[in-house]
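A look at the structure
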Amino acid sequence: MAAVTELTRADELRAFGEMVAGCTKCALAGGRTQVVFGAGDPNSDLMFVGEAPGFHEDKQGVPFVGAAGKLLEQLLAGIGLSREEVYIANVLMCRPPGNRDPLPEEIQACESHLWRQIELIDPRVVATLGNFATKLLSGRPTGITRVHGQEQEVTLGGRRVLLYPIYHPAAALYTPRMLEVLKSDFARLPELMGREVPPPEPVYVAPIGAEPAVQLGLF
Ligand code: URA
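Residues numbered from 1 in each chain as written. Predicted model: local features only at pLDDT ≥ 70, side-chain atom pairs only at ≥ 80, totals over all residues. Heavy atoms only, no water.

**Examining the pairing of strand E4 (residues 125-129)**
E4 sits mainly inside the fold: five of its five residues count as buried. What you see with E4 is no split at all: Val125, Ala127 and Leu129 on one side and Val126 and Thr128 on the other are buried throughout. Sheet topology places E4 next to strand E6 (residues 159-166); five bridges connect them, and they run parallel. The residue of E6 that forms the bridge with Thr128 is Pro165. (Buried < 20%, exposed > 50% of the residue type's maximum accessible area, 1.4 Å probe, protein only. Helix = DSSP H or I, 4+ residues; strand = E, 2+ residues; numbered from the N terminus. Pairing = 2+ DSSP bridges.)

**Description of the layout of surface pockets**
Of the volumes computed, that of the largest pocket is approximately 480 Å³. Along the wall of the largest pocket there are 19 residues; nearest its centre are Ala52, Gly54, Asn99, His168 and Ala170. Taken together, the elements giving at least two residues each to the lining of the largest pocket come down to helix H2 (55-60) and helix H3 (67-78). Per-class residue counts for the lining of the largest pocket are nine nonpolar, six polar and four charged. What the second largest pocket holds in volume is close to 230 Å³. Along the wall of the second largest pocket there are 14 residues; nearest its centre are Leu13, Arg14, Gly17, Phe37 and Gly38. For the lining of the second largest pocket, the residue count by class is nine nonpolar, three polar and two charged. (1 Å grid on protein atoms, 1.4 Å probe; cavity = no way out; pocket = protein on both sides within 12 Å on 5 of 7 lines; lining within 4 Å. Points joined across faces, edges and corners; volume = space filled by probe spheres on them. Nonpolar A, V, L, I, M, F, W, Y, C, P; charged D, E, K, R; others polar.)

**Points about the site of the ligand**
Within the structure, the ligand sits among Gly50, Glu51, Ala52, Glu57, Pro63, Phe64, Asn90 and His168. Residue Ala52 places a main-chain N or O atom 3.0 Å away from a nitrogen atom belonging to the ligand. Between the ligand and His168 there is a distance of 2.8 Å, counted from an oxygen atom to a side-chain nitrogen or oxygen. Protein chains shield 91% of the accessible area of the ligand, which is 230 Å² for the free molecule. The cavity where the ligand resides is the largest pocket. Considering only residue class, the shell around the ligand consists of three nonpolar, three polar and two charged. (Near = heavy atom within 4 Å. Polar contact = N/O pair within 3.5 Å; in protein donor to acceptor, adjacent residues only side chain to side chain. Areas by Shrake-Rupley, 256 points an atom, 1.4 Å probe, with all protein chains shown as cover. Sits in = over half its atoms within 2 Å of the grid points.)

**Regarding the packing of aromatic side chains**
A complete count under the given rule lists two aromatic pairs for this structure. Ring centres of Phe16 and Phe37 lie 5.8 Å apart, and the angle between their planes is 65°; on these two criteria the pair is classed as edge-to-face. One end of the pair, Phe16, is in helix H1 (residues 3-20); the other, Phe37, is in the loop between H1 and strand E1 (39-40), with 21 residues separating them in the sequence. For the pair Phe16 and Phe37, one class covers both residues: buried. Ring centres of Phe48 and Phe186 lie 5.7 Å apart, and the angle between their planes is 15°; on these two criteria the pair is classed as stacked. Linking Phe48 in strand E2 (residues 46-50) with Phe186 in helix H8 (residues 176-186), this pair joins segments that are 138 residues apart in sequence. Each member of the pair, Phe48 together with Phe186, is buried. (Phe/Tyr/Trp six-rings, centres within 6.5 Å; stacked < 30°, edge-to-face > 60°.)

**Focus: empty space enclosed by the protein**
Scanning all chains against the criterion turns up one cavity of 30 Å³ or more. Taken as a whole, the largest cavity encloses approximately 110 Å³ of empty space. Around the largest cavity sit 16 residues that line it, and Cys23, Cys26, Arg32, Cys94 and Cys110 are the ones nearest its centre. Here the lining of the largest cavity takes four residues from helix H4 (residues 104-121), the largest share from any one element.

**Observations concerning the nonpolar core**
Among the nonpolar cores identified, the biggest contains 29 residues, and Leu46, Phe48, Val125, Ile166, Phe186 and Leu189 are the most heavily contacted of them. Elements that contribute at least two residues to this core include exactly E2, H3, E4, E6, H8 and helix H9 (189-193). Here the element with the most residues in this core is H3; it accounts for five residues. Aside from chain neighbours lying at most four places away, what touches Phe48 is Leu72, Leu76, Val86, Tyr87, Ile88, Ala89, Ala127, Leu129, Ile166, Phe186 and Leu189. (Core = buried A, V, L, I, M, F, W, Y, C linked by side-chain atoms within 4.5 Å. Contact = heavy atoms within 4.5 Å.)

So, in structure tokens, the structure goes:
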């Protein structure tokens, strides 16, 4: 990729981050220390999407810097990556009080910020961490226990990507069995990052008044 394109992508991302730093689209704006924008390599092929900032993220303004973040870093190191080499974002950019679950209206208010980041980063693989990110980005209600480790090709932010749901590191902090599952799901990431995702089939729009077979796209 040309250096000029990379510069533009990083610049656009920075400008977008500055714009959403003043977001007041939901009530979480009233209780936050700051908006926690995504962080990492804007040119990465791998993007993680977590749930929401916690206490430490809210204070430092960086996603995944608390205990779950330390585990995420260890899991990344296990596949030869550092957090600087991937891009890490969240479903919500502001901390819910007491770390409660995100509310539907908060997710709805924040989701355009996430789509825009996906559009700008243009990753090959989007790994969703836990239920909230998985349900939002898959558009399905199926929970993480049933879908973890199962990649699927989807269109996100106008891009074809491999969506790869995995457990949230916080869930594995005190549960050794879950940590083993998370490690084995992580181990597949390098292979998934090397996989070509074909562009979507072009949609043929038949001219008005065309024969039914033409309208069906048979010719
Ligand atoms: N958990 C998340 O989902 N995101 C963070 O940024 C930190 C903890």
